[in-house]
Amino acid sequence: MAARIDLTLDGADVQALAVFWKTALGYVDEPPPAPFATREEWLAQFDLPEDDSEDDGAWLCDPEGVGPRLCILKVPEPKTAKNRLHIDVRVPGHGTPDERWARIKAEAERLVRAGGTVLEEYDGHHVVMADPDGNEFCVAAAPA
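About the criteria used
- Residues numbered from 1 in each chain as written.
- Predicted model: local features only at pLDDT ≥ 70, side-chain atom pairs only at ≥ 80, totals over all residues.
- Heavy atoms only, no water.
- Pairing = 2+ DSSP bridges.
- Helix = DSSP H or I, 4+ residues; strand = E, 2+ residues; numbered from the N terminus.
- Axes fitted to C-alpha atoms, helices over the stretch in contact; angles between N-to-C directions.
- Phe/Tyr/Trp six-rings, centres within 6.5 Å; stacked < 30°, edge-to-face > 60°.
- Buried < 20%, exposed > 50% of the residue type's maximum accessible area, 1.4 Å probe, protein only.

**A word on the sheet that holds strand 5 (residues 87-91)**
Right, so step 1: Read across the open sheet, the 4 strands follow the order 5-8-7-6; overall the sheet is mixed. In this open sheet, the two edge strands, each paired with only one partner strand, are strand 5 and strand 6 (117-122). In this sheet, neighbouring strand axes are inclined to one another by 25° on average, regardless of whether the strands run parallel or antiparallel.
Right, so step 2: Two elements, strand 5 and strand 8 (residues 136-141), share 5 bridges in a ladder whose sense is parallel.

Structure below.
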């Protein structure tokens, strides 16, 4: 059996990143693990510094349980280099190359309105973007 993966993003404004990625992926806040009723209760079991809070992390999941979980953690340092690993947001749908490109462009525009930035376009293929904290990702067509 293959291993499952979770993805973790670092950032300065965890809650803004959580809103962006929920918009981008259609994800929702992941409930705290059983038997805990809240994330604060779950975090209390760890020996965290007193100045850490529940708002220093966000845990997101695919509501259908298909995609990987996404954890967003607050870090003090700014992003300084290109990601060595990035997320590809795959736009569903079939059609001609022009129709697929139009959907990719429309998705990139939607994500700009949500706080993302277009970094580069590879005409007809994919758009390289950054989330509000500068983490790079691509918008491309889903496999046919």
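**A closer look at the packing of aromatic side chains**
Right, so step 1: Counted under the stated rule, the structure contains 3 aromatic pairs.
Right, so step 2: When the centroid spacing of 5.2 Å and the interplanar angle of 90° are considered together, the rings of Phe 20 and Trp 21 count as edge-to-face.
Right, so step 3: By relative accessible area, Phe 20 is classed as buried at 1%.
Right, so step 4: You can call Trp 21 buried: its relative accessible area is 1%.
Right, so step 5: Between Trp 21 and Phe 137, the ring centres sit 5.0 Å apart and the planes meet at 70°, which makes this aromatic pair edge-to-face. Residue Trp 21 is found in helix 1 (residues 14-25), and its partner Phe 137 is found in strand 8; the two are separated by 116 residues along the sequence.

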